[in-house]
Amino acid sequence: MKLFFSTIQWLAFILAGSLVAPLAVGNALHLPPADIATFMQRTFLLIGVSALLQTLFGHKLPMMEGPAGLWWGIFVVYAGLISSGALALADGLRQLEMGMLLTGALFLLLGALGWIGKIRRLFTPLVTGTYLLILVAQLSGSFMKGLLGIGYLQDAVDSRVALPAFAVLLLSMLLPRTRSRFLRNYSILLSLLTGWVLFMLLGIAPDVPASASAFALPGIFEWGLPQWDAGILPTSVLIGLLLLANLIASIQVVEKVSADKTAAAPPVNYNRTSLMMGVSTALGGLFSAMGCVPISGTAGFILTTGLVQRLPFVLASAGMVLISLFPPVTAIFTSLPMPVGYAVIFVPFASMIGLALREYHSLKGGDRDYFIIGVSLMIGIGSLFVPASAIAQLPGLVRTVANNGLVLGMLVCIVLEQLFLYRERSARKKETSETV
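Okay, so let's go over this structure.

Criteria and cut-off values
Residues numbered from 1 in each chain as written. Predicted model: local features only at pLDDT ≥ 70, side-chain atom pairs only at ≥ 80, totals over all residues. Heavy atoms only, no water. Helix = DSSP H or I, 4+ residues; strand = E, 2+ residues; numbered from the N terminus. Rg over C-alpha atoms; globule rule 2.2 N^0.38 Å. Contact = heavy atoms within 4.5 Å. Areas by Shrake-Rupley, 256 points an atom, 1.4 Å probe, with all protein chains shown as cover. Lys, Arg positive; Asp, Glu negative; His and termini not counted. Charge placed at Lys NZ, Arg CZ, Asp CG, Glu CD. Salt bridge = Lys/Arg side-chain N within 4 Å of Asp/Glu carboxyl O. Buried < 20%, exposed > 50% of the residue type's maximum accessible area, 1.4 Å probe, protein only. Expected span 1.5 Å × (residues − 1). Polar contact = N/O pair within 3.5 Å; in protein donor to acceptor, adjacent residues only side chain to side chain. Axes fitted to C-alpha atoms, helices over the stretch in contact; angles between N-to-C directions. Parallel < 35°, antiparallel > 145°, perpendicular 65-115°, else oblique. Left-handed = near helix turned anticlockwise from the far one by under 90°. Nonpolar A, V, L, I, M, F, W, Y, C, P; charged D, E, K, R; others polar.

### Observations concerning the overall build of the protein
- Along its length, the protein carries 20 helices and two strands.
- Computed over the C-alpha atoms, the radius of gyration of the protein is 22 Å, within 12% of the 22 Å expected from 2.2 N^0.38 for a compact globule of 436 residues.
- Summarising its shape, the C-alpha atoms of the protein cover approximately 80 × 60 × 40 Å along the three principal directions.
- Considering only residue pairs separated by 6 or more positions, the protein has 85% of its internal contacts joining residues 24 or more positions apart.
- As displayed, the protein has an accessible area near 19,000 Å², and 68% of this comes from carbon and sulfur atoms.
- Averaging the locations of the 26 positively and 18 negatively charged side chains of the protein gives two centres separated by 10 Å.

### Quick word on the pattern of salt bridges
- Summed over all chains, the structure comprises four salt bridges.
- One salt bridge in this structure joins Lys-256 and Glu-359, with 2.8 Å as the shortest N-O distance. Here the residue Lys-256 occupies a position in helix α11 (residues 232-261), and Glu-359 occupies one in helix α17 (residues 352-361), the gap between them amounting to 103 residues.
- Given the relative accessible area of 38%, Lys-256 is considered partly exposed.
- You can call Glu-359 buried: its relative accessible area is 8%.
- In this structure, Arg-368 engages Asp-369 in a salt bridge whose closest nitrogen and oxygen atoms are separated by 3.0 Å.
- Exposure remark for Arg-368: the relative accessible area of 19% places this residue in the buried category.
- Linked through salt bridges whose partners overlap, the residues forming this network are Arg-368, Asp-369 and Glu-424.

### Here's the deal with helix α1 (residues 2-18)
- Under the 1.5 Å per step criterion, the end-to-end length of α1 is 24 Å for 17 residues, consistent within 8% with the ideal 24 Å.
- Considered for burial, the residues of α1 that qualify are Ser-6, Thr-7, Gln-9, Trp-10, Leu-11, Ala-12, Phe-13, Ile-14, Leu-15, Ala-16 and Ser-18.

### Side note on unusual backbone geometry
- Despite not being glycine, His-30 has its phi angle at roughly 60°, a positive value.
- Here His-30 is to be found in the loop between α2 (20-28) and α3 (33-57).
- We note that Phe-221 has phi near 50°; this positive angle belongs to a residue other than glycine.

### Section: the side chain of Glu-255
- Looking at where Glu-255 falls in the secondary structure, it is placed in helix α11.
- Side-chain polar atoms of Glu-255 contact the side chain of Tyr-270, separated by 3.4 Å.
- Setting aside residues up to four positions removed in sequence, Glu-255 forms contacts with Leu-61, Arg-120, Pro-267, Val-268 and Tyr-270.

### Things to note about the packing of helix α10 (residues 187-201) against helix α16 (residues 338-350)
- At a minimum axis distance of 9 Å, the contact between α10 and α16 shows a crossing angle of 160°. Classed by the angle they form, the pair α10 and α16 counts as roughly antiparallel. Note that α10 runs across α16; the crossing there is right-handed. Here Ile-188, Ser-191, Leu-192, Gly-195, Trp-196 and Phe-199 of α10 come into contact with α16, specifically with Pro-339, Val-340, Val-344 and Pro-348.
- For the contact of α10 with α16, a count of residues per class yields eight nonpolar, two polar and no charged.

### Thoughts on the packing of α1 against helix α14 (residues 310-325)
- Packing of α1 against α14 brings their axes to within 8 Å, and their N-to-C directions diverge by 55°. Our classification of the angle between α1 and α14 gives oblique. Where α1 crosses over α14, the two elements pack in a sense that is right-handed. Counted together, Leu-3, Ser-6, Thr-7, Trp-10, Leu-11, Ile-14 and Leu-15 of α1 and Leu-311, Pro-312, Phe-313, Leu-315, Ala-316, Gly-319, Met-320 and Ile-323 of α14 form the full contact between these two elements.
- Of the residues contributing to the contact of α1 with α14, the split by class is 12 nonpolar, three polar and no charged.

Okay, here's the thing in structure tokens:
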């Protein structure tokens, strides 16, 4: 029974964190509802397969996979080009397939050459802590809009949605702090089910969309054969390197939390992880879905629930694969009210602030580290407030970085820290040579 409830809770967490991206991208591309449903079906399949590959053969941690924010951004950029008439919808979708295939090949190459270990050295506690703070800052706007009901039934704050959503949020905060072990361990699942039922009783839950068939295998190259474009190669290389940075930072966070919860956590093989990431990203192009990455918010989930065993997570990931094969089941889960999803995963994501502060607590650089943190946060969080239209005229590669505060802030942090370390090493060598 414990295994069953643990599996269902993992499945609920994965679903709550996976619905927003494909729905948002499908609407941005102005796809018809039927195409959005099949796009979500293929994305569910990729989420499950990616998690199984990583948990069984890659990093071997119970770590949720989800649509990458960077791919989300790239899809939105292409949606803008398509809406402006600069690119046909069919051509844009086929170029996105090619981009994911190329990025997957890059991950395979880096993993095969064994270079990930060298790159990993850049991700110090300073960088990891900054990454987590900017990540929470970047997500906080979406969470608050979702809880307030903005964009759910109307474009303004909606009390009909906000009041029950905040009630679910309060419940999700209280359950982990009760004396009952059952309520603590399954707080996310219970909060999600309570919120879903509450929204249904209030008549504000989405209707379950109709399905054309009871069983369907996700198609291959549903958008057509991949299309080459001169700009897709450099964009794919940049996306791959940025996703690699995200991958390493996310794994380090979850690895530390897992190690705190159990002494049996195996060491992560980052080169093998990169190989599995390459396979899953290439599958994103093959299945015309959104490329996935390990989600660092899993650390907050583990802190909240204490679930670090791999078996429930493996079963939940297999459940995602099964769900993707049955369109009526997929349709049921796509009717989950998004405000409920935001309320349920609010606490796990907010817990990452504590993880960031824990990383900073281990720093010994003094004013130097405080300076780097301040500059990185100012640039990373500040860029979140720059309108996308203000950077629309920038070259594609520059726009990709400038439009993502998380990546920009993390890159600034890495560069500044390495510059300071290089300066200190040079000073020490000079002192040594003068002494000799």
